[in-house]
Amino acid sequence: MVNWLSPLEIEKDELAFEKLIYALFGLYVWELFQTSGVEWSLFVTRSRKFKWPMVIFYFLCRYCMLWALIGLIISFNVTTEVNCGALYTFNSWTGNMAILCASTSLMIRTIAIWERKLTVVVPLLILCLAHWGLLYHGVIIVHATWGPTSCVVVQTNSAILKFTFFSTMGFDLIIFIYTCIPLLRNSSRSGLWHLLFRDGLVYWGITFTINAIPAILDTLNLNSECMPLVATVPAATVAAIAACRCVVRLQDYRSDVLTSSSGYGQNTIDGRVVRYMPGGASVTGISSGLGMKAPRFVRPEVHIRTDQIKMENLGTEDTNVSSAITTDTLKTPRDLEEG
């Protein structure tokens with residue numbers, strides 16, 4: 001039977017935690033290089049336009065997680081006395097900001113799917129503000145001081161950490177349910193439908209599983225020095241990667257659709273023609289999620305097929321009867337009224 005409270009076991013746990021942080025840092029840097037095309041298209045080629053949700057939440061989530069990992073590595077390798085309390089507060093703030101921005105960016109996408117209906121926006125905003133307040137309070141619950149050779153965590157609030165994990169899981173579940181409701185009501189199964197449903201399901205499954213691990217470890221209360229923090233950093237890292245991937249995939253899909261669209265009042269998505277109705281609606285029912293909206297008023301048109309026969313004088317020497325010419329003319333109701 002493992003004695004989790006023994007100094008030797010705590011030292012082993014801290015060493016395993018340190019190695020885990022190095023592995024997560026390498027994974028996250030690799031992820032940044034793999035998805036660096038976003039920054040390249042924004043700042044170098046300028047082929048991608050700035051959108052305020054992306055600028056605020058996408059980049060905050062992306063780089064706060066990076067700085068959280070860097071701060072943890074600094075805390076492991078510092079050899080001279082530093083302000084450990086400020087260092088761990090910075091690490092907690094950047095890590096919690098990555099989690100908050102990951103959930104908020106997906107919440108904004110859900111609001112866009114619902115076309116900003118107040119019945120959806122108001123409860124989601126209330127839950128989002130509560131989530132932000134809870135995680136901001138979690139910034140100050142980790143206390144660290146300078147030990148003999150390095151920073152040592154001396155106090156954490158396991159109850160608040162546990163509630164934070166479960167609240168994050170619940171908030172992500174609510175966002176996933178709100179995302180699925182309009183998608184399941186829609187009879188069309190376009191490429192956008194599959195993208196939103198699959199990404200929402202995958203993201204929720206990943207975040208639910210990865211946040212369940214630290215919640216379980218904190219519930220078991222094996223030791224208060226290291227075990228409550230072992231799985232929190234992997235949970236934040238995986239959630240940040242999944243959320244940023246979802247945002248980029250939707251942006252790339254929208255760019256592809258807008259590039260391939262043609263015709264007035266319609267677009268082609270995955271080989272299917274999406275026709276717009278008056279008022280900006282489409283047969284997919286989720287055109288606003290792509291940022292594509294048809295003109296508010298569509299001018300009606302009437303197609304009339306006419307046959308014209310041209311005859312010349314039959315008594316002349318060059319008698320000639322022309323063949324019937326069939327033409328298609330396009331008339332509007334106003335043209336018909338004018339005669």
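Use the structure listed above.
All of these numbers come straight from a predicted model, not from anything done at the bench.

Draft legend 1. Quick look at the overall build of the protein chain. Of the regular secondary structure elements, the protein chain holds 11 helices and six strands. In the protein chain, buried positions account for 45% of the 339 residues. Long-range pairs, those at least 24 residues apart, make up 69% of the contacts in the protein chain with a sequence separation of at least 6. When the accessible surface of the protein chain is summed, it comes to about 19,000 Å², and 63% of that surface belongs to carbon and sulfur atoms.

Draft legend 2. Layout of the environment of tyrosine 88. Secondary-structure assignment places tyrosine 88 in helix 4 (residues 84-113). On the basis of relative accessibility, which here comes to 9%, the residue tyrosine 88 falls in the buried class. The spatial distance from the C-alpha of tyrosine 88 to the C-alpha of cysteine 151 is 9.0 Å, given a sequence separation of 63 residues. If near-sequence neighbours (up to four positions away) are discounted, tyrosine 88 is found in contact with Ser75, Val142, Ala144, Cys151 and Val153.

Draft legend 3. Layout of the side chain of glutamate 31. Examined against the element boundaries, glutamate 31 turns out to sit in helix 1 (residues 7-34). Overall, glutamate 31 belongs to the buried group, its relative accessible area being 6%. If we ignore the near neighbours within four places in the chain, the residues touching glutamate 31 are Ile241 and Arg245.

Thresholds applied
Residues numbered from 1 in each chain as written. Predicted model: local features only at pLDDT ≥ 70, side-chain atom pairs only at ≥ 80, totals over all residues. Heavy atoms only, no water. Helix = DSSP H or I, 4+ residues; strand = E, 2+ residues; numbered from the N terminus. Buried < 20%, exposed > 50% of the residue type's maximum accessible area, 1.4 Å probe, protein only. Contact = heavy atoms within 4.5 Å. Areas by Shrake-Rupley, 256 points an atom, 1.4 Å probe, with all protein chains shown as cover.

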